Structures are given as C-alpha cells and as structure tokens.
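Given next are the chains, with one letter for each unit.
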Amino acid sequence: MSHDMVHAAEGDVPEGIDLFIPPWYDIFWSAVMFVALFWIFWKFVLPNMKKALAARSEGIEQKLEQAEVERSEAQALLAQYREQLAEARADAAQIRADAQSERQSIVAEARTEAQEAAAAVTERAEVQLSAEADRVRNVLSRDVGRLATELAEKIVGETLDEQKVNATVERFISDLETVAADGETVAADGQETR
C-alpha cells in the first residue's frame, strides 16, 4: 500500500492545504480522461461542429445573397410599376384631352348642323309663305276684281271693259300693298323708339 493509503488507513485526516490537493492517482487518471476526451472531441466532435457551422454560415450567406437579389428585383419591379403608372396617367390625361376636344368638336358640329337645319326650315317657310302670299294675292285679285266689276256693273248698269277693270284692280292691290308695307315700317320704328 502507498504511503497516503497507510495514512488513510491509520485514520490520518489531512489537514491544512492537504485538504485541497487531491491524491496523485486522482490527478493522473483525471489527466488521462481529460486527454482522451479532448482527443475524441478534437477528432470527432469538432470537425462535425465545424462542418455544421460552415454549412449554416453558407446557408446564411446564400439567404443573404437571395434576399439581395430579391430586393434588387423588387426595386426593378417598383421602378417598372412607377413608370407604367406614369404612362397610364399620361394616357388618361391624353384621353381626357381628346375627349374634351372631340366633345367640343361634336358640339360645334351639332350647333352648325342645327343652324343649317334652322336656316333650311326658315328658307322653306319663307318660300312657302311667299308662294302662299302669291296664291292669296292672285285669288284676292281675281275675287276682288270680279266682285268690284259685278258691283260696278250693277251700279252703272252696263258691262265694263275687262282689261281696264283688271288694270284698275291691279293698281288698287298694289296701292294696298304699299300702304301695308309703310304701316309695318312705321310700327317697327315705333317699337324701336320705345
């Protein structure tokens, strides 16, 4: 038996600093176990950890690169979207301007057509009125001449010369038209002075 064992067997209890210092065989076997564990850790565990850390680092770098690529693509898409939005706004403004111009053109064209249609209707009405006035004048001239001739023949008691009667009636109707035209002119002048 060793000297320390003898002391332990004899009932020696370590005192002082010996309490903190383990026996040499504990130190030896602890060192052997430490070296064996360190060698196992160094040979098997550490390379696997290095591989795992390298794979994880590579995965993170790939994810960062992918994120950068996606960010660049997103910025390109945003720029493209903004460009398309600006083009759409410009197109909308052009369409509004074209629609406004076309509306004004249509309104002007419709106004012109309406004025032309009104002028055509007025012209037709004037032609019809003129024709109706001529027809009424002819009928009036004939009827007035006939009635005046009949009346004059009854008063005189003789048949009158038809050419003279017609000339007299024409002169009478002409005088009536002149008087009527002068009356309209005087009435129009009176309304303007008011």
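Everything that follows concerns the structure shown earlier in this document.
Residues numbered from 1 in each chain as written. Predicted model: local features only at pLDDT ≥ 70, side-chain atom pairs only at ≥ 80, totals over all residues. Heavy atoms only, no water.

Novice: An account of the pattern of salt bridges is needed here, citing residue identities and associated values.
Specialist: Counted under the stated rule, the structure contains two salt bridges. Put simply, R71 and E68 hold a salt bridge, and the shortest N to O gap is 2.7 Å. Here R71 and its partner E68 are both found in helix α2 (residues 24-156), three residues apart, which amounts to about one turn of the helix. Taking the shortest distance from any N to any O, the salt bridge between R135 and E132 comes out at 2.5 Å. Remark: E132 and R135 occur in helix α2; sequence separation between them is three residues, near one turn of the helix. Classification of R135 by relative accessible area gives partly exposed; the value is 46%. (Salt bridge = Lys/Arg side-chain N within 4 Å of Asp/Glu carboxyl O. Helix = DSSP H or I, 4+ residues; strand = E, 2+ residues; numbered from the N terminus. Buried < 20%, exposed > 50% of the residue type's maximum accessible area, 1.4 Å probe, protein only.)

Novice: I'd like a description of the packing of aromatic side chains, backed by residues and values.
Specialist: In this description, an aromatic ring pair is defined by two values, namely the gap between the centres and the angle between the planes. Counting across every chain of the model gives five aromatic pairs. Between W24 and Y25, the ring centres sit 6.2 Å apart and the planes meet at 85°, which makes this aromatic pair edge-to-face. A ring pair is formed by W39 and F44, whose centres lie 6.1 Å apart and whose planes are at 90°; its orientation type is edge-to-face. One aromatic cluster is present, formed by F34, F38 and W42 through successive ring pairs. (Phe/Tyr/Trp six-rings, centres within 6.5 Å; stacked < 30°, edge-to-face > 60°.)

Novice: Before we move on, could you go through a nonpolar patch on the surface and cite the residues and values that matter?
Specialist: Judged by side-chain polarity, L37, W39, I40, F41, F44, V45 and M49 come together as a nonpolar surface patch covering roughly 680 Å² of accessible area. Inspection of the secondary structure puts F41 in helix α2. Residue F41 is classed as partly exposed on the basis of its relative accessible area of 35%. (Patch = residues over 30% accessible without salt bridge, like charges linked within 9 Å, V, L, I, M, F, W, Y side chains within 5 Å. Areas by Shrake-Rupley, 256 points an atom, 1.4 Å probe, with all protein chains shown as cover.)

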